[in-house]
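Architecture at a glance
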Amino acid sequence: MSRPAPWRLSPDSYPKLEVKQTRFQDLDTMGHLNNVAYAALFEDARVRTNQQLGRVNRGKMAEGTFRAVVAQNVINYLAEGSFPEDVEIALGIGRIGNRSFEMLAAMFQSGKCIATCDTTIVMTDPKGESLPAEFVTRLEGMRVKGDLQG
């Protein structure tokens, strides 16, 4: 694993920040947050952000909605997390494609980045169509402030 770009390690690079509680049950035998806890904390922040962005439909397809799935989720564990201190999850949008987009997140504890998470979300339905223009506009408003090329 290569070290993340410096901008990924700053909460100021992301437009959204959520505080999440850690739980005693999240600890491994060494007393650190386990990898499953990291994944669950990132997932909760990502799903809440998707719901706030709107248009992704979990039930019957309604007019103007679309279905999407997580195609890839990569977590880089940078440092040990601890309990009972809360974590902050910073989140924003990276690349936006024709039928997919990338959510970039970083987890902080005591001001230190302890993990990053890159998730690619792909539209599965309706087939043959692009992400709706209004949704892309909302994604653009959530862009990270870092250099996506480097």
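Residues numbered from 1 in each chain as written. Predicted model: local features only at pLDDT ≥ 70, side-chain atom pairs only at ≥ 80, totals over all residues. Heavy atoms only, no water.

1. Considerations on the overall build of the protein
Secondary structure assignment for the protein yields 2 helices and 5 strands. In sequence order, the secondary structure elements of the protein are arranged as β-α-β-β-β-β-α. Taken over the C-alpha trace, the protein has a radius of gyration of 16 Å; the compact-globule value for 150 residues is 15 Å, and the two agree within 12%. With respect to the three principal axes, the spread of C-alpha positions in the protein is 50 × 35 × 25 Å. For the protein, the residues scored as buried account for 41% of the 150 residues in total. Summed over its atoms, the accessible surface of the protein is roughly 8,200 Å², and 50% of this surface lies on carbon and sulfur atoms. One way to put it: in the protein the 18 positive side-chain charges average out to a point 5 Å from where the 18 negative ones average out. (Helix = DSSP H or I, 4+ residues; strand = E, 2+ residues; numbered from the N terminus. Rg over C-alpha atoms; globule rule 2.2 N^0.38 Å. Buried < 20%, exposed > 50% of the residue type's maximum accessible area, 1.4 Å probe, protein only. Areas by Shrake-Rupley, 256 points an atom, 1.4 Å probe, with all protein chains shown as cover. Lys, Arg positive; Asp, Glu negative; His and termini not counted. Charge placed at Lys NZ, Arg CZ, Asp CG, Glu CD.)

2. Here we look at the state of the cysteines
Taken as a whole and judged by the stated rule, the model has 0 disulfides. Cys 113 takes part in no disulfide bond, and the closest cysteine sulfur to it belongs to Cys 117, at a distance of 11 Å. (Disulfide = S-S within 2.5 Å.)

3. Here we look at the packing of aromatic side chains
Per the stated rule, a full pass over the model turns up 4 aromatic pairs. A centroid spacing of 6.3 Å and a plane angle of 40° characterise the contact between Trp 7 and Tyr 14, whose relative ring orientation is tilted. We classify Tyr 14 as buried; its relative accessible area is 4%. Considering the side-chain rings of Phe 24 and Phe 83, the 5.9 Å spacing of their centres and the 70° angle between planes classify their relative orientation as edge-to-face. Pair noted here: Phe 24 is in the loop between strand E1 (16-20) and helix H1 (35-53) and Phe 83 is in the loop between strand E2 (67-77) and strand E3 (87-96), with a separation of 59 residues, a long-range link. Overall, Phe 83 belongs to the partly exposed group, its relative accessible area being 33%. (Phe/Tyr/Trp six-rings, centres within 6.5 Å; stacked < 30°, edge-to-face > 60°.)

4. Let's talk about the nonpolar core
Nonpolar side chains in soluble globular proteins tend to be buried together. Core analysis: the largest hydrophobic core is formed by 27 residues, its most contacted members being Phe 42, Ile 89, Phe 101, Met 107, Leu 131 and Leu 139. For this core, the secondary-structure elements that each account for two or more residues are H1, E3, strand E4 (100-109), strand E5 (112-125) and helix H2 (133-140). Those residues in contact with Leu 131 that sit more than four places away from it in its chain are Phe 66, Ile 96, Gly 97, Asn 98, Arg 99, Ser 100, Phe 101, Met 123, Val 136 and Leu 139. Within the second largest apolar cluster, 10 residues are counted, among which are Ala 106, Phe 108, Cys 113 and Val 144. (Core = buried A, V, L, I, M, F, W, Y, C linked by side-chain atoms within 4.5 Å. Contact = heavy atoms within 4.5 Å.)

5. Observations regarding the environment of Arg 143
As for its position among the elements, Arg 143 is in the segment after H2. Between the C-alpha atom of Arg 143 and that of Gly 81, which follows or precedes it by 62 residues, the distance is 27 Å. At 2.5 Å, the side chain of Arg 143 and the backbone oxygen of Gly 94 are in polar contact. (Polar contact = N/O pair within 3.5 Å; in protein donor to acceptor, adjacent residues only side chain to side chain.)

6. Some details on the sheet that holds E4
Pairing is antiparallel across the open sheet formed by 5 strands, whose spatial order is E1-E3-E4-E5-E2. Each having just a single partner strand, E1 and E2 make up the two edges of the open sheet. Averaged over all neighbouring strand pairs, the angle between strand axes comes to 25°, with direction disregarded. Note: E4 against E5, 10 bridges, orientation antiparallel. (Pairing = 2+ DSSP bridges. Axes fitted to C-alpha atoms, helices over the stretch in contact; angles between N-to-C directions.)

7. Section: unusual backbone geometry
In this chain, Phe 83 is followed by Pro 84 through a cis amide linkage whose omega measures 15°. Assignment of secondary structure puts Pro 84 in the loop between E2 and E3. Of note in this structure, Ser 110 is not a glycine but carries a positive phi near 55°. Note on placement: Ser 110 falls in the loop between E4 and E5. Judged by its relative accessible area of 62%, Ser 110 falls in the exposed class.

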